[in-house]
Amino acid sequence: MKRHFFYAVFLLFVFNTAYSQNTRISNHNSIGWYNFFGTFKMNKKWSIHTEYQWRRENTVTDWQQSLLRLGVNYQLNPKVQLRAGYAWIETFPYGEIPINGMGKDFTEHRAFEMVTITDKISIVDVSHRFMLEQRWIGRYSNATLTTEDEFPFLNRLRYMFRCQIPLKGTEIKDKTPYVAVYDEIFVGFGKNVNENIFDQNRLGILLGYRFNSTVRMEAGYLNQIVQLGREVNSRNVFQYNNGLIINANFNIDLSKKNQK
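Draft legend 1. Representation of the sheet that holds strand β10 (residues 215–232) within the structure. Read once around its circumference, the closed barrel built from 11 strands follows the order β1-β2-β3-β4-β5-β6-β7-β8-β9-β10-β11, with strand pairing classed as mixed. Strand-to-strand, the axes of this sheet are offset by a mean angle of 20°, without reference to chain direction. Examined bridge by bridge, strand β1 (residues 24–41) and strand β2 (residues 46–57) share 11 bridges and lie antiparallel to one another. When the bridges of β2 are listed, Ile31 appears paired with Glu57.

Draft legend 2. Fine view of the pairing of β1. Strand direction decides the pairing type here: β1 and strand β11 (residues 235–253), joined by 18 bridges, are parallel. Its bridge partner lying in β11, Trp33 is registered against Ile245. Counting the residues that bridge the hairpin from β1 to β2 gives 4 residues.

Draft legend 3. Region of the structure containing a nonpolar patch on the surface. Taken together, the side chains of Leu132, Leu157, Ile185, Val187, Phe189 and Ile197 define a hydrophobic patch exposed on the protein surface, amounting to about 480 Å² of accessible area. With 3 residues, strand β8 (residues 176–189) is the largest single contributor of residues to the nonpolar patch.

Draft legend 4. Structural detail: the side chain of Asn100. Summarising the element assignment, Asn100 is placed in the loop between β4 (80–91) and β5 (106–121). Asn100 gets classed as buried once you look at its relative accessible area, which sits at 11%. Only 2.8 Å separates the side chain of Asn100 from the backbone nitrogen of Met102, close enough to count as a polar contact. In terms of polar contacts, Asn100 uses its side chain to reach the backbone amide nitrogen of Lys104, at 3.4 Å. Contact partners of Asn100, with chain neighbours within four places excluded, come to Phe106, Tyr140 and Arg230.

Draft legend 5. Representation of the pairing of β8. Where burial is concerned, the two faces of β8 differ: the one with Thr176, Tyr178, Ala180, Tyr182, Glu184, Phe186 and Gly188 is buried and the one with Pro177, Val179, Val181, Asp183, Ile185, Val187 and Phe189 is not. With 12 bridges connecting them, strand β7 (residues 153–166) and β8 associate as antiparallel partners. Residue pairing for β8: Ile165 is matched across the bridge by Val179. Summarising the sheet, β8 and strand β9 (residues 198–210) pair through 12 bridges and their orientation is antiparallel. Counterpart to Tyr178 in the pairing with β9 is Gly208.

Reading guide: rules and limits
Every residue gets a number counted from 1 within its own chain, in the order that chain's sequence is written. Where totals are concerned, whole chains, interfaces and linings use all residues; where local detail is concerned, this predicted model gives features only for residues with pLDDT of at least 70, and gives and counts side-chain atom pairs only at 80 or more. As a rule here, side-chain values come from all non-hydrogen atoms in the structure, and water together with hydrogens is ignored. When DSSP finds two or more bridges between two strands, those strands count as paired. Numbered from the N terminus, helices here are DSSP runs of H or I no shorter than four residues, and strands are runs of E no shorter than two. Axis definition: a line fitted to C-alpha atoms, over the contacting stretch in the case of helices. Angles run 0 to 180 degrees between N-to-C directions. Only residues whose relative accessible area exceeds 30% and that take part in no salt bridge are eligible for patches, with like-charged residues grouped when within 9 Å of each other and nonpolar side chains (Val, Leu, Ile, Met, Phe, Trp, Tyr) grouped when within 5 Å. Note on areas: Shrake-Rupley with a 1.4 Å probe; residue coverage comes only from the protein chains shown. Salt bridge criterion: a side-chain nitrogen from Lys or Arg within 4 Å of a carboxyl oxygen from Asp or Glu. Three exposure classes are used, based on accessible area relative to the maximum for each residue type with a 1.4 Å probe and protein chains only: buried under 20%, partly exposed in between, and exposed over 50%. Within 3.5 Å is the distance limit for a polar contact, defined as a pair of N or O atoms, with the added protein rule that one can donate a hydrogen and the other accept it, and that residues adjacent in sequence qualify only through two side-chain atoms. Contacts between residues were defined by any pair of non-hydrogen atoms, one from each residue, lying within 4.5 Å.

Listed below in structure tokens is the structure:
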């Protein structure tokens, strides 16, 4: 009896694996993300966050996304930072199977709230980032339209774990190279989520260099897995996007100027 039970479980596992593969369409793209992050410190507690991400398909030649994000930071304590703000995103019809079913670009507006918790374990810097997003995503009610006429509302929860380690010395300070690894998972929820409760996952491996307290640069490999919110021929669509990521980070301390 036990042998028959294990055979049945094994056959069920094989069937489910084959079925899930047959009901999934995979789309592979080469991407390049070129990002600017600027933080302007007003005083010990408050700062302004600015960000622009120039996201390209085929590494650099074609549009994938344009993302602008602005926020206000509050340093609750040395290890916990709070942020709230707004983001504007334009997504283009990249790849063999565009995100928009009509093959059109679309605008998205977001409000977001974020908590970042940092810690240090020996020489490793560790951070946990939790983000909640309220999203209004542009949609066309028919193919003849040239601009979106609907903006359905979606919610999304994000969690990112990141660790970084200096390649010389015991801490990342001025003139220090370092390596960083991060992974971020996105989960959609609410009545308009449709297919993609699992929205996407991002894995990054970066080589960085801190020039000084103001300027830090990073470059490396990015792997992005995206599940589309719609089916194609009754099959789920997954994008597997791989490529280059470059980050330019600037921290400007305006509080020192205000004290003069």
